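Each chain, letter by letter, is given below.
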Amino acid sequence: ETGVTQSPTHLIKTRGQQVTLRCSSQSGHNTVSWYQQALGQGPQFIFQYYREEENGRGNFPPRFSGLQFPNYSSELNVNALELDDSALYLCASSLEQRMASYGYTFGSGTRLTVV
Amino acid sequence: KQEVTQIPAALSVPEGENLVLNCSFTDSAIYNLQWFRQDPGKGLTSLLLIQSSQREQTSGRLNASLDKSSGRSTLYIAASQPGDSATYLCAVANAGNMLTFGGGTRLMVKP
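Please read these numbers as outputs of a predicted model, since none were measured by experiment. (Residues numbered from 1 in each chain as written. Chains lettered and ligands numbered in written order. Predicted model: local features only at pLDDT ≥ 70, side-chain atom pairs only at ≥ 80, totals over all residues. Heavy atoms only, no water.)

J.: Looking at this model, I keep getting lost on the side chain of A:D85. Mind explaining?
T.: All names here are of chain A. Relative to the elements of secondary structure, D85 occurs in the loop between β8 (74-78) and β9 (87-94). A distance of 2.8 Å separates the side chain of D85 from the side chain of R63, its partner in a polar contact. Not counting residues within four places of it along the chain, the set of residues in contact with D85 comprises Q36, R63, F64, V78, A80, L112 and V114. (Helix = DSSP H or I, 4+ residues; strand = E, 2+ residues; numbered from the N terminus. Polar contact = N/O pair within 3.5 Å; in protein donor to acceptor, adjacent residues only side chain to side chain. Contact = heavy atoms within 4.5 Å.)

Rendered as structure tokens:
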């Protein structure tokens, strides 16, 4: 059983650019969530995807968008990057029907630096 | 809006001590509570999950308790070791299955 894998592991972008982060969910999981973790803080919920549709969104602007594919993998896209977008981006997967019992499995994250 | 607070924010103890990390939350309508470990610059490793109907879970030297009515959870680490040094995060799951995290407790166990 594979875990959650994220790519790339590190990324440096210039302010105003666009970035795409990728996540492969754990085998058998059908729900993917994305979190942003600024240095020294707890992760903040960005959004969740279930059956290829957005299924909940945190307090993030529309320039943060995502996709979920039929194989349950997911992308996080951020447009018009700002310096404050520098953070560790974490992907988590779960099985929607068993989330209460088994919780979430997290990937190792993508470290994004905006300069 | 759910809010999660972790106390203390940082903790330094000598090896071998037993210690307690605290987590409190404002909305008791949770599905579960999860404790995670995070090493510097790394992702989250799930330690324990307590469902809303449960009172505690144990794994090795770790024991987590949940008092949903008072909005509190504790993570007990027995006989701490230098390898336990990390940031410990608690997170609660509410309707919509999103997780709300606390700010974490940074633990340093000195040899």
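J.: How do you make sense of the state of the cysteines when you look at a structure like this?
T.: What makes a disulfide is a covalent bond joining the sulfur atoms belonging to two cysteines. Residue and element names in this part refer to chain A. Summed over all chains, the structure comprises two disulfides over all chains. Note on cysteine connectivity: C23 is disulfide-linked to C91, with sulfurs 1.8 Å apart. Linking C23 and C91, the disulfide has an S-S dihedral of approximately -65 degrees and is accordingly described as left-handed. With C23 in strand β3 (residues 19-24) and C91 in strand β9, the pair connects residues that are 68 residues apart, well separated along the chain. (Disulfide = S-S within 2.5 Å.)

J.: Before we go on, may I ask you to explain the interface of chain B and chain A in this structure?
T.: Frequently, the measure chosen for interface size is the accessible area removed from exposure when the parts meet. Taken together, the 20 residues of chain B in the interface contact 22 residues of chain A. Interface area, chain B with chain A, both sides summed: about 1500 Å², of which 53% is carbon and sulfur. Across the chain B-chain A interface, the total number found is zero salt bridges. Across the contact surface, chain B and chain A share four residue pairs in polar contact (both at pLDDT 80 or more). Among the secondary structure elements, those contributing two or more residues to the side of chain B that touches chain A are β4 (32-38), β5 (44-51), β9 (86-93) and β10 (99-101) of chain B. In terms of residue count, β4(B) provides more of the side of chain B that touches chain A than any other element does, four residues in total. Classifying every residue of the side of chain B that touches chain A gives nine nonpolar, ten polar and one charged. (Buried area = accessible area lost by both parts, 1.4 Å probe. Salt bridge = Lys/Arg side-chain N within 4 Å of Asp/Glu carboxyl O. Nonpolar A, V, L, I, M, F, W, Y, C, P; charged D, E, K, R; others polar.)

J.: What exactly am I supposed to notice about the pairing of β8(A) here?
T.: Looking along a regular strand, one sees the side chains alternate between the two faces of the sheet. Residue and element names in this part refer to chain A. Counting buried residues in β8 gives five out of five residues, a clear majority hidden from the surface. Residues of β8 alternate between two faces, with S74, L76 and V78 on one and E75 and N77 on the opposite face, all of them buried. Sheet analysis places strand β7 (residues 64-68) next to β8, joined by five bridges and oriented antiparallel. Bridge pairing in β8 links F64 to V78. What sits between β7 and β8 in their antiparallel hairpin is a turn of five residues, with Y72 showing a positive phi close to 75 degrees. (Buried < 20%, exposed > 50% of the residue type's maximum accessible area, 1.4 Å probe, protein only. Pairing = 2+ DSSP bridges.)

J.: Is there a simple way to think about the environment of B:C90 in this case?
T.: All names here are of chain B. Along the chain, C90 turns up in strand β9. What makes C90 buried here is its relative accessible area of 0%. Among all residues touching C90, those that are not within four sequence positions of it are V4, Q6, C23, Q34, W35, T100, F101 and G102.

J.: Quick question: what am I supposed to make of the pattern of salt bridges here?
T.: Oppositely charged side chains may form a pair once their charged atoms are brought near each other. Residue and element names in this part refer to chain A. Under the defined criterion, the tally for this structure stands at six salt bridges over all chains. Residue E54 pairs with R57 through a salt bridge whose shortest N-O separation is 3.1 Å. The exposure class of R57 is partly exposed, given its relative accessible area of 30%. Across the pair E82 and R63 runs a salt bridge, and its minimum N-O distance is 3.3 Å. On the criterion of sequence distance, the pair formed by E82 in the loop between β8 and β9 and R63 in the loop between β6 (53-57) and β7 is long-range, its members being 19 residues apart.

J.: Honestly, the nonpolar core in this entry has me stumped. Any pointers?
T.: Within soluble globular proteins, side chains that are nonpolar tend to cluster in buried spots. One finds B:F25, B:L33, B:W35, B:L75, B:I77, B:Y88 and B:L107 to be the most contacted residues of the largest nonpolar core, which totals 22 residues. Broken down by secondary-structure element, the contributors of at least two residues to this core are β3 (19-25), β4, β5, β7 (62-67), β8 (72-77), β9 and β11 (105-110) of chain B. Counting residues in each nonpolar core, the second largest holds 20 residues, with A:W34, A:F64, A:V78 and A:V114 among its members. (Core = buried A, V, L, I, M, F, W, Y, C linked by side-chain atoms within 4.5 Å.)

J.: Would you mind going over the packing of aromatic side chains with me for this structure?
T.: One pass over the structure, following the stated rule, counts eight aromatic pairs over all chains. Aromatic pair A:Y35 and B:F101: ring centres 5.7 Å apart, planes at 80 degrees, arrangement edge-to-face. One end of the pair, A:Y35, is in strand β4 (residues 31-37); the other, B:F101, is in strand β10, on a second chain. Classification of B:F101 by relative accessible area gives buried; the value is 7%. Aromatic side chains A:F47 and A:Y49 sit 5.4 Å apart centroid to centroid with 85 degrees between the ring planes, which places their arrangement in the edge-to-face category. Through a chain of ring-to-ring contacts, three or more aromatic side chains come together here, namely A:Y35, A:F45, A:F106, B:F36 and B:F101. (Phe/Tyr/Trp six-rings, centres within 6.5 Å; stacked < 30°, edge-to-face > 60°.)

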